[in-house]
Number of protein chains: 2
Amino acid sequence: MTQNGAEFRVAVDLVVLTVRDGTLAVLLVRRGIPPYRGRWALPGGFVLPDEDLPAAAARELAEETGLAGPAGHLEQLATYGRPARDPRGRVVSVAYLALLPDLPVPVAGSDAAAARWVPRARIGALAFDHARILADGVERARAKLEYTPLATAFCPPEFTVGALREVYESVWGRPLDARNFHRKVTGTPGFVVPTGGADAGGRGRPARRYRRGPAALLHPPMLRDRGDPAADTV
Amino acid sequence: MTQNGAEFRVAVDLVVLTVRDGTLAVLLVRRGIPPYRGRWALPGGFVLPDEDLPAAAARELAEETGLAGPAGHLEQLATYGRPARDPRGRVVSVAYLALLPDLPVPVAGSDAAAARWVPRARIGALAFDHARILADGVERARAKLEYTPLATAFCPPEFTVGALREVYESVWGRPLDARNFHRKVTGTPGFVVPTGGADAGGRGRPARRYRRGPAALLHPPMLRDRGDPAADTV
DNA sequence: ACTAATTATCGTCACTACGACGAAAATTGG
DNA sequence: CCAATTTTCGTCGTAGTGACGATAATTAGT
């Protein structure tokens with residue numbers, strides 16, 4: 001045990017995901033200052049002296065998206081602290097994963113430079129070790145769709161089974177059978193509850209609307225086939 | 001985004017688990033200095049100025065157990081940073097989860113005060129927020145037994161199906177059917193591979209010996225019933 | 001208005017996996 | 001030699017799933 005610790009700065013970085021136009025998109029900001037000036041990076045910033053970690057993550061999320069309400073989902077992802085990960089010095093970054101519905105288009109930088117939704121397939125080099133953090137975040141999201149009703153965090157409060165299926169397909173990167181998916185979602189207790197309304201205006205038969213159900217875990221889980229590791233277009 | 005971060009100290013704390021005598025046990029140390037002097041705590045310490053986080057965790061684990069080799073399992077758990085969690089000041093702790101076979105009895109403090117395996121059911125109040133960290137670690141271990149071959153990390157290199165079942169029963173806190181467990185373990189591709197040897201000396205029929213197989217994930221997972229939330233004797 | 005295309009929803013069927021349990025094999029302890 | 005114990009192999013009924021057929025309810029096109 002070391003008696004006295006060295007001094008570090010602590011940051012939070014956010015992996016903010018949404019589903020737009022049938023693909024997984026990530027919220028990125030373009031850095032306006034060195035290091036990595038001009039490079040795309042995950043939104044984030046330093047933790048304030050008396051600020052709790054989840055509060056810091058929520059604050060950064062609100063600053064970057066203009067969203068404050070309890071919509072979506074926010075959870076701690078992992079912590080990254082390689083000594084050389086930040087050229088400014090020893091910075092330990094606690095990464096958070098946020099899942100949001102598409103609607104709240106990021107208010108282009110209330111603070112930082114331009115913030116944009118970037119489809120995951122078109123992301124190039126990122127600043128710092130953010131590529132790794134992003135990869136970990138996407139994998140976490142993919143895994144959690146299996147055994148939690150978290151996919152609903154990508155949807156507005158009311159949604160259709162088809163919209164929920166689009167979330168799964170976008171995040172997992174593979175098509176699902178609409179009929180089996182419908183059976184699974186409506187048959188798993190507590191996953192979704194019907195609101196009574198219907199969703200007119202679409203092309204085909206109007207779909208019933210649902211809200212997120214009370215279940216915290218899906219039983220049994222909805223397993224993705226890992227036999228054929230999804231063609232992951234990075 | 002905040003321009004300059006405040007200064008923090010960064011620690012690693014370890015949730016070290018093993019299975020002894022059919023129960024889950026946790027490695028604890030008795031604090032020799034304030035704060036919480038005399039209280040039991042998770043082993044841990046400050047990260048060195050140029051040390052990577054996994055390296056710090058591995059170092060503390062080696063210091064506390066005398067174990068250096070690649071036996072067992074070590075993974076990052078979560079990070080705890082409540083402003084008031086340490087009376088000495090702002091300390092952010094990155095917790096790691098370690099799973100070890102029973103054999104390496106902790107060398108009673110090469111550095112800290114007494115280190116001991118404590119059965120989980122007999123743990124009282126812990127220092128800092130270590131009770132919460134421990135609870136998170138146990139839940140992580142429980143969950144990972146479902147979909148990974150991680151239970152083998154609690155076993156020596158060669159083990160029997162019965163020993164592996166004891167691990168599951170100890171960690172989950174509920175009995176499993178020996179016949180169905182045997183079918184599942186030997187039938188899941190890559191979970192375990194037979195070594196050819198047998199385990200004489202026990203009471204009943206000698207059991208075949210196995211090694212950990214190449215699989216990283218179990219397909220399909222071995223789900224614990226969550227219907228009846230394990231009588232968790234805390 | 002009628003038809004084609006489209007999407008949602010309901011059903012069927014075969015197969016896998018699992019829980020509950022029987023039974024045989026192979027040992028130790030008395 | 002017998003009882004107890006533990007391992008290992010089977011059996012049976014049921015739940016869950018993938019593949020896919022069929023029907024319902026709408027929009028787009030002619």
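Below or above, wherever it landed, is the structure these notes cover.

Quick notes on the rules
- Numbering of residues begins from 1 in every chain and follows the order in which that chain's sequence is written.
- Chains carry letters and ligands carry numbers; both start at the beginning, A for chains and 1 for ligands, and go up in the order they are written.
- Only residues with pLDDT of at least 70 get local features here, since the model is predicted, and only at 80 or more are side-chain atom pairs given and counted; chain-wide, interface and lining totals rely on the full set of residues.
- Excluding hydrogens and water, the side-chain values take into account all heavy atoms of the structure.
- We superpose the copies by least squares over the C-alpha atoms of residues that have a pLDDT of at least 70 in both of them.
- In this analysis, two residues are considered to be in contact whenever any of their non-hydrogen atoms come within 4.5 Å of each other.
- The helix count covers DSSP runs of H or I at least four residues long, the strand count covers runs of E at least two residues long, and both are numbered beginning at the N terminus.
- Contacts described as polar in this section are N or O atom pairs within 3.5 Å, which, within protein, must combine one atom able to donate a hydrogen with one able to accept it, while residues neighboring in sequence count only if both atoms come from side chains.
- The salt bridge definition used is simple: a Lys or Arg side-chain nitrogen within 4 Å of an Asp or Glu carboxyl oxygen.
- Only protein chains enter the area calculation, which uses a 1.4 Å probe; residues under 20% of their type maximum are buried, those over 50% are exposed, and those in between are partly exposed.
- Put simply, a residue is near a molecule or strand once any heavy atom of it comes within 4 Å of that molecule or strand.
- Ten residues, namely Ala, Val, Leu, Ile, Met, Phe, Trp, Tyr, Cys and Pro, are considered nonpolar, four, namely Asp, Glu, Lys and Arg, are considered charged, and the remaining ones, Gly among them, are considered polar.
- For every element, the axis is a line fit to its C-alpha atoms; helices are fit only across the contacting stretch, and the angle between N-to-C directions ranges from 0 to 180 degrees.
- These descriptions rest on fixed angle ranges, namely under 35 degrees for roughly parallel, over 145 for roughly antiparallel, 65 to 115 for roughly perpendicular, and the rest for oblique.
- Handedness of a helix crossing follows the sense of rotation of the near helix relative to the far helix, less than a right angle counterclockwise being left-handed and clockwise being right-handed.
- We call Phe, Tyr and Trp rings a pair once their centres come within 6.5 Å, taking the six-membered ring for Trp, and we label the pair stacked below 30 degrees between planes, edge-to-face above 60, and tilted otherwise.
- Here the quantity called buried area is the accessible surface, traced with a 1.4 Å probe, that two parts lose on coming together, added over both.

**Structural notes on the relation of the copies chain B and chain A**
1) Next: With an axial shift of 0.0 Å and an RMSD of 0.0 Å, the rotation relating chain B to chain A amounts to 180°. As the rotation angle and translation indicate, the two copies are arranged about a two-fold axis. Using C-alpha coordinates, one finds that chain B approaches the rotation axis most closely at B:Phe8, a distance of 2.6 Å.
2) Next: A share of 100% of the interface residues of chain B reappears at the interface of chain A, consistent with the copies meeting face to face through the same patch.

**Regarding the side chain of A:Glu75**
Residues and elements named next belong to chain A.
1) Next: Among the structural elements, Glu75 can be located in strand β5 (residues 73-80).
2) Next: A polar atom in the side chain of Glu75 sits 2.9 Å from the side chain of Lys144.
3) Next: Discounting chain neighbours no more than four positions away, the residues touching Glu75 are Tyr96, Leu97, Arg140 and Lys144.

**Comments concerning the environment of B:Pro194**
Residues and elements named next belong to chain B.
1) Next: Considering the arrangement of structural elements, one finds Pro194 in strand β8 (residues 192-199).
2) Next: On a C-alpha basis, the gap between Pro194 and Glu158 in space is 9.2 Å, while along the polypeptide they are 36 residues apart.
3) Next: Setting aside anything within four residues of it in sequence, one finds Pro194 in contact with Arg209 and Tyr210.

**Focus on the pattern of salt bridges**
Residues and elements named next belong to chain A.
1) Next: Enumeration according to the criterion identifies 32 salt bridges over all chains in this entry.
2) Next: The residue Asp13 makes a salt bridge to Arg85 at a minimum N-O spacing of 3.8 Å. Of this pair, Asp13 sits in strand β1 (residues 9-20) while Arg85 sits in the loop between β5 and β6 (91-99), and the two are 72 residues apart along the sequence. The pair Asp13 / Arg85 is uniform in exposure class, with both members buried.
3) Next: Two residues, Arg85 and Asp129, come together in a salt bridge whose shortest N-O distance is 2.8 Å. You can see Arg85 sitting in the loop between β5 and β6 and its partner Asp129 sitting in the loop between β7 (115-119) and α2 (130-147), a full 44 residues away along the chain. Pair check on accessibility: Arg85 and Asp129 agree, each one buried.
4) Next: Look at the salt bridges and you will find they share partners, linking Glu51, Arg59, Glu60 and Glu63 into a network.

**Some thoughts on the protein's contact with DNA strand C**
1) Next: Taken together, 23 residues surround DNA strand C, and among them A:Arg208, B:Arg179, B:Asn180, B:Arg183 and B:Lys184 come closest.
2) Next: The contact in question runs from a base nitrogen of DNA strand C to an N or O atom on the backbone of B:Arg205, over 3.4 Å.
3) Next: For the surface near DNA strand C, the element with the highest residue contribution is helix α4 (residues 178-187) of chain B, accounting for 4 residues.
4) Next: Residues of the surface near DNA strand C, tallied by class, amount to 5 nonpolar, 6 polar and 12 charged.

**Some points on the packing of helix α2 (residues 130-147) of chain B against helix α3 (residues 161-172) of chain B**
All names here are of chain B.
1) Next: Relative orientation of the contacting elements α2 and α3 amounts to 140°, with a least axis distance of 9 Å. In terms of orientation, α2 and α3 fall into the oblique class. Taken as a pair, α2 and α3 cross one another with a handedness that is left-handed. Here α2 contributes Ala141, Arg142, Leu145 and Glu146 to the contact with α3, which in turn contributes Val167, Tyr168, Val171 and Trp172.

**Some remarks on unusual backbone geometry**
1) Next: For the bond from A:His219 to A:Pro220, the omega torsion is -5°, close enough to zero to count as cis.
2) Next: Its identity is not glycine, yet A:Phe128 carries a phi of approximately 50°, on the positive side.
3) Next: Relative to the helices and strands, A:Phe128 is located in the loop between β7 and α2.
4) Next: One non-glycine residue, B:Tyr36, adopts positive backbone phi at about 60°.
5) Next: Assignment of secondary structure puts B:Tyr36 in the loop between β2 (23-30) and β3 (40-41).
6) Next: Using a relative accessible area of 31% as the deciding quantity, one classes B:Tyr36 as partly exposed.

**Describing the environment of B:Asp199**
All names here are of chain B.
1) Next: Mapping Asp199 onto the fold places it in strand β8.
2) Next: Note on Asp199: relative accessible area 31%, which makes it partly exposed.
3) Next: Taking C-alpha positions, Asp199 is 6.4 Å from Arg209, a pair spaced 10 residues apart along the chain.

**Regarding the packing of aromatic side chains**
1) Next: Scanning all chains against the criterion turns up 6 aromatic pairs over all chains.
2) Next: Linked through ring pairs, A:Tyr168, A:Trp172 and A:Phe181 together constitute an aromatic cluster.

**Thoughts on the interface of chain B and chain A**
1) Next: The partner chain A presents 41 residues to the 41 residues of chain B that form the contact.
2) Next: Across the interface of chain B and chain A, roughly 3400 Å² is buried in total on both sides, 57% from carbon and sulfur atoms.
3) Next: On the surface where chain B and chain A come into contact, there are 0 salt bridges.
4) Next: For the side of chain B that touches chain A, the elements supplying multiple residues, two or more each, are β1 (9-20), β4 (44-46), α1 (53-65), β5 (73-80) and β6 (91-99) of chain B.
5) Next: Its residues assigned to classes, the side of chain B that touches chain A comprises 19 nonpolar, 10 polar and 12 charged.

**Concerning the protein's contact with DNA strand D**
1) Next: Around DNA strand D, the structure places 23 residues, and the nearest of them are A:Arg179, A:Arg183, A:Lys184, A:Arg203 and B:Arg208.
2) Next: In DNA strand D, atoms within 4 Å of the protein come from the sugar-phosphate backbone in 59% of cases.
3) Next: With respect to DNA strand D, the side chain of A:Arg179 contributes an N or O atom lying 2.7 Å from a base nitrogen.
4) Next: Within the side chain of B:His182, one N or O atom sits 3.2 Å away from a phosphate oxygen of DNA strand D.
5) Next: At the level of secondary structure, the elements contributing two or more residues to the surface near DNA strand D comprise α4 (178-187) of chain A together with α3, α4 and β9 (207-212) of chain B.
6) Next: Here the surface near DNA strand D gets 4 residues from one element, more than from any other, and that element is α4(A).
7) Next: Taken together, the residues that form the surface near DNA strand D break down as 5 nonpolar, 6 polar and 12 charged.

These values are about where atoms sit, not about what they do.
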